[in-house]
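Residue-level structure breakdown
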Amino acid sequence: MLSAQDLMTENVIAVTKDTEVRELAKILTENKISGVPVLDEDGRLAGVVTESDLIFQNKKVHIPTAVAILDAFFFLESPEKMEQEMKKMAGVTVGDIYAKEVISVQKETPLDELATLMAEKNIHTLPVLDKEKLVGVIGKRDIIRIIAEGK
């Protein structure tokens with residue numbers, strides 16, 4: 001059975017937390033990719049940033065519902081969540097908008113596990129690690145390519 005190392009793109013395009021959002025948009029469009037790994041100062045995987053993170057910046061602001069009782073307001077939703085969303089919408093760098101809770105796989109991970117993970121978690125960009133070192137990336141297009149090749 002095929003594994004992550006058979007599917008992955010080895011020449012990984014990655015960004016840092018300091019990469020500007022406009023530069024990220026150029027990288028994604030020029031390379032026709034939907035996301036990239038985010039590396040920390042030591043070159044280790046810190047997260048992933050995708051087209052969805054860029055699109056999020058242009059959504060309408062959702063004001064949490066609040067109920068007024070006497071002189072107090074009670075939010076029916078988390079004000080902290082709104083604060084996080086506002087920071088993400090106003091983000092200027094990748095560090096402001098990227099997903100820190102990254103799901104990654106090892107290079108030995110079999111194709112069926114990759115496909116299941118991507119489908120169930122709605123993942124578009126899956127970093128591939130060799131222990132803790134980033135060695136590749138798999139996008140949905142990589143799996144579709146394998147299907148088209150009949151492997």
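Numbers given to residues run from 1 along each chain, matching the order in which its sequence is written. Confidence filtering applies because this is a predicted model: local features only for residues at pLDDT of at least 70, side-chain atom pairs given and counted only at 80 or more, and all residues used for totals across whole chains, interfaces and linings. Working from all heavy atoms in the structure, the side-chain values ignore hydrogens and water.

**Structural notes on the sheet that holds strand S6 (residues 105–106)**
Pairs of strands are assigned from DSSP output, requiring at least two bridges between the strands. We count a stretch as a helix when DSSP gives it H or I for four or more residues in a row; a strand needs E for two or more, and each element gets its number in order from the N terminus. The strand order S6-S7-S8 describes an open sheet built from three strands, whose pairing is mixed. With partners counted over all chains shown, the strands left at the sheet margins are S6 and strand S8 (133–139), one partner each. Pairing analysis gives six bridges linking strand S7 (residues 125–130) to S8, with the strands arranged antiparallel. Its bridge partner being in S8, Asp130 is matched across the sheet by Lys133.

**Some remarks on the sheet that holds strand S3 (residues 45–50)**
The mixed open sheet is built from three strands, whose spatial order is S1-S2-S3. Each edge of the sheet is formed by a strand with only one pairing partner; in this case those strands are strand S1 (15–16) and S3. Here strand S2 (residues 35–39) runs beside S3; their pairing, made up of five bridges, is antiparallel. Of the residues in S3, the one forming a bridge with Pro37 is Val48. Packed on one face of the sheet, helix H2 (residues 21–31) meets S1, S2 and S3 and runs near 135° to S2. Two residues qualify as a contact provided that any one of their heavy atoms is within 4.5 Å of a heavy atom in the partner residue. Lines fitted to C-alpha atoms define the axes, with helix axes restricted to the stretch in contact, and inter-axis angles between N-to-C directions lie between 0 and 180 degrees.

**Focus: the pattern of salt bridges**
Salt bridge, as used here, is a side-chain nitrogen of Lys or Arg placed within 4 Å of a carboxyl oxygen of Asp or Glu. The tally for this structure, following the rule as stated, stands at five salt bridges. For the salt bridge of Arg44 with Asp42, the shortest nitrogen-to-oxygen distance reads 2.9 Å. Burial classification: accessible surface area is computed with a 1.4 Å probe over protein chains only, and a residue below 20% of its type maximum counts as buried, one above 50% as exposed, and the rest as partly exposed. By relative accessible area, Arg44 is classed as partly exposed at 42%. Taking the shortest distance from any N to any O, the salt bridge between Asp142 and Arg145 comes out at 3.4 Å. Within this pair, Asp142 and its partner Arg145 are both found in helix H7 (residues 140–149), separated by three residues, close to a single helical turn. By relative accessible area, which is 34% here, Arg145 ends up partly exposed.

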